[in-house]
Amino acid sequence: MKILVIGGTGLTGRLVSKKLEKLGHQVIIGSPSHGVDIMTGEGLSQALENTEIVIDLSNSSSPEEENAINFFLTAGKNLVNAELAANIRHHLVLSIVGTDDALEIGYLRAKKHQEDNIKNSGIPYTIIRSTQFHEHTDTIIAVQGLADKVFVSKIDYQPIALEDVTDYIVQFALEEPKNSTVEIAGPTRANMDDFVAKYIEISGKPLKVFSDEDSKYMHLVVPKSLLVPAGEYNAGKIHFEDWALSTLTN
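Residues numbered from 1 in each chain as written. Predicted model: local features only at pLDDT ≥ 70, side-chain atom pairs only at ≥ 80, totals over all residues. Heavy atoms only, no water.

A.B. asks: Is there a simple way to think about the nonpolar core in this case?
C.D. replies: Soluble globular proteins tend to bury their nonpolar side chains together. One finds Leu44, Met192 and Val196 to be the most contacted residues of the largest nonpolar core, which totals 42 residues. Breaking this core down by element, the ones donating at least two residues are strand 1 (2–6), helix 2 (44–47), helix 3 (65–86), helix 4 (106–119), helix 5 (137–144), strand 7 (149–153), helix 7 (192–203) and helix 8 (240–247). Of all the elements, helix 3 adds the most residues to this core, at seven residues. The residues contacting valine 196, other than those within four sequence positions of it, are Thr137, Ile140, Ile141, Val150, Val152 and Val209. (Core = buried A, V, L, I, M, F, W, Y, C linked by side-chain atoms within 4.5 Å. Buried < 20%, exposed > 50% of the residue type's maximum accessible area, 1.4 Å probe, protein only. Helix = DSSP H or I, 4+ residues; strand = E, 2+ residues; numbered from the N terminus. Contact = heavy atoms within 4.5 Å.)

Laid out in structure tokens, this is it:
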């Protein structure tokens, strides 16, 4: 099949594209550097010629509210118009667990616009809501750290490996559209501070975790269970400890 991967030059997009190509599919990379700009619509109609599936892994240039909302509203409108004209049979979006539960956060409100746009388009769709990636741990340390201290909340956390995320994206994209939302998460749930402390221990970083009950994530106050699935979900195979150990050899 011919598949357009929007955001195909990003980390997730590159892995998804490689997996699809290995399965024998024709992959078109949807990014400005490849002549496809979803913000202006440039190159979209050409990229969608004889395309059956669109995988939307796009992201705004920053999570700041106005920027993110403008991006997802504009890009979403352009994508829907072009896909309706091209009779696309399946549109898959990668989103975030808990999007409905903290719409006071501008970026989550922007992602909700992205989800609703495709839900209301009439295009067959699947929305994958994922927990945070294992690979996000270094960002947590960088943002929530100060000198040799890292301040981490005891909020619920269930991260998933990027490898598992890309496997699920490929799996669901090639299946029939769900016309609903599915959730994916890692195989283990614990407190966020436990994951960060385990990563620091395994990696040998000269840091110490200071735990608290503030229910903060990246300096934002969030519901305690915002970052974990609310009900049924598809579990990843790669355990956090195994992933952390693998980073030592990469």
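A.B. asks: How do you make sense of the environment of glutamate 104 when you look at a structure like this?
C.D. replies: Summarising the element assignment, glutamate 104 is placed in the loop between strand 4 (90–96) and helix 4. For glutamate 104, a relative accessible area of 57% puts it in the exposed group. Expressed as a C-alpha distance, the spacing of glutamate 104 and valine 222, which sit 118 residues apart in the sequence, is 9.6 Å.

A.B. asks: What is the right way to look at the pattern of salt bridges in this model?
C.D. replies: Where side chains of opposite charge bring their charged atoms close, a pairing between them can arise. Counted by the stated rule, this structure contains 14 salt bridges. In this structure, the salt-bridge partner of lysine 19 is aspartate 167, at a minimum N-O distance of 2.9 Å. Of the two residues, lysine 19 is situated in helix 1 (residues 11–22) and aspartate 167 in helix 6 (residues 162–174); the sequence distance between them amounts to 148 residues. We classify aspartate 167 as partly exposed; its relative accessible area is 36%. Among the ionic pairs, glutamate 52 bridges to arginine 89, the shortest N-O distance being 3.1 Å. With glutamate 52 in the loop between helix 2 and strand 3 (53–56) and arginine 89 in the loop between helix 3 and strand 4, this residue pair connects regions lying 37 residues apart in the sequence. (Salt bridge = Lys/Arg side-chain N within 4 Å of Asp/Glu carboxyl O.)

A.B. asks: Explain empty space enclosed by the protein to me, please; I cannot follow it from the model alone.
C.D. replies: Taking a probe equal in size to a water molecule and rolling it over the atoms shows the remaining empty space. Here the structure, examined in full by the defined rule, presents one cavity of 30 Å³ or more. Looking at the largest cavity, its volume works out to about 40 Å³. Forming the walls of the largest cavity are Asp56, Gly76, Leu79, His91, Val93, Gln114, Asn117 and Ile118. Every element with two or more residues in the lining of the largest cavity is listed here: helix 3, strand 4 and helix 4. Of all the elements, helix 4 adds the most residues to the lining of the largest cavity, at three residues. Across the lining of the largest cavity, the residue classes break down as three nonpolar, four polar and one charged. (1 Å grid on protein atoms, 1.4 Å probe; cavity = no way out; pocket = protein on both sides within 12 Å on 5 of 7 lines; lining within 4 Å. Points joined across faces, edges and corners; volume = space filled by probe spheres on them. Nonpolar A, V, L, I, M, F, W, Y, C, P; charged D, E, K, R; others polar.)

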